[in-house]
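Chain and residue survey
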Amino acid sequence: MATQARAWQRMLSGRRLDLLDPTPVDIEIEDIAHGLAFVARWNGQTAGDFAYSVAEHSLLVEELFGRIASKAPMKWRLAALLHDAPEYVIGDMISPVKSAVGPGYGALDDRLTAAIHIRFGLPAAVPATVKRQIKKADKISAWMEATQIAGFSDGEATKFFGRPDMSVMEGLEIRLRPPVEVRRAFTDRHQVLLAQL
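Just so it is clear, the structure is predicted and the values come from calculations on it, not from any experiment.

Rules used throughout
- Sequence positions are assigned chain by chain, starting from 1 and proceeding in written order.
- Since the coordinates come from a predicted model, pLDDT governs what is reported: local features require at least 70, and pairs of side-chain atoms require 80 or more to be given and counted, while whole-chain, interface and lining totals use all residues.
- Each side-chain value is derived from all of the structure's non-hydrogen atoms; neither hydrogens nor water enter the calculation.
- In this description a helix means any DSSP run of H or I spanning at least four residues, a strand means any run of E spanning at least two, and both kinds are numbered starting from the N terminus.
- Relative accessibility thresholds used throughout: buried, under 20% of the residue-type maximum; exposed, over 50%; partly exposed, between the two (1.4 Å probe, protein chains only).
- Residues are treated as being in contact if the distance between any of their heavy atoms lies within 4.5 Å.
- The rule is simple: put a 1 Å grid over the protein atoms alone, call a set of points where a 1.4 Å probe fits but cannot get out a cavity, call an open set with protein on both sides within 12 Å along at least five of seven lines a pocket, and count a residue as lining if it has an atom within 4 Å of a point.
- Grid points are joined across faces, edges and corners, and a volume is the space filled by probe spheres set on the points.
- Residue polarity follows a fixed list, in which Ala, Val, Leu, Ile, Met, Phe, Trp, Tyr, Cys and Pro are nonpolar, Asp, Glu, Lys and Arg are charged, and the others, Gly among them, are polar.
- Pairs of N or O atoms within 3.5 Å make up the polar contacts considered here, provided that, within protein, one atom can donate a hydrogen while the other can accept it, and that residues adjacent in sequence are counted only when both atoms are side-chain atoms.

Brief notes about the environment of Ile68
Summarising the element assignment, Ile68 is placed in helix 2 (residues 54–68). For Ile68, a relative accessible area of 24% puts it in the partly exposed group. Considering only alpha carbons, one finds Ile68 and Asp188, 120 residues apart in sequence, at a separation of 22 Å. Not counting residues within four places of it along the chain, the set of residues in contact with Ile68 comprises Gln133, Lys136, Ala137, Ile140 and Val168.

Let's talk about the layout of surface pockets
Of the volumes computed, that of the largest pocket is approximately 1000 Å³. In this structure, the largest pocket is lined by 32 residues; those nearest its centre are His83, Asp84, Lys98, Lys135 and Asp138. Of all the secondary structure elements, the ones that give two or more residues to the lining of the largest pocket are helix 5 (95–101), helix 6 (103–119), helix 7 (128–148) and helix 8 (154–161). Here the element with the most residues in the lining of the largest pocket is helix 6; it accounts for seven residues. Looking at side-chain class alone, the lining of the largest pocket contains 16 nonpolar, five polar and 11 charged residues. The space that makes up the second largest pocket amounts to roughly 210 Å³. Lining the second largest pocket we find Tyr52, Glu56, Leu59, Leu60, Glu62, Glu63, Leu172, Glu173, Ile174, Arg175, Arg177 and Arg189. Sort the elements by how many residues they give to the lining of the second largest pocket and helix 2 lands first, with five residues. Residue composition of the lining of the second largest pocket, grouped by class: five nonpolar, no polar and seven charged.

Some remarks on the environment of Thr147
Residue position: Thr147 is located in helix 7. For Thr147, a relative accessible area of 22% puts it in the partly exposed group. Apart from residues lying up to four places away in sequence, Thr147 is in contact with Phe152, Ser153, Asp154 and Ala157. At 3.0 Å, the side chain of Thr147 and the backbone oxygen of Trp143 are in polar contact.

Pasting the structure below:
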């Protein structure tokens, strides 16, 4: 008899998250923050003494979203902070790898996102208008990352991510911090947003 492949991940909290059928009860913000703080964006191909983590990226996207949609309810800022939360368990795949993997990756991401959202009081799926605004913030963040730490020229970054509204980025810069510091910043911001729901 063939042994079924393991499809769950044990988290530091002790939770066991089933990737094929994730449930909100198995999701803890500390696990998300820890995982994202240690997952490098750009496959680690960035300048600096620390990898640029998904947690740091998520903090920037939430800030940019707040500038783009300044009147949006706090729940959508929380959704922006958590927009890449599934990567705490499935990692950050660069776009070419996602394309190669195919639709299975998107389905897995959607299942995890729904469980994470429900766990923190958000709808399983955010409205399309909010999703577009989060995606806009995500692309601005990617442009900033590409030009500030990933070696892209402004022209190259614009080709892949579009020309960002420079006023939205005013006063912001890419931060590279130790993972434990970013983990704390992520959980602190999550707590602030939850308290304002």
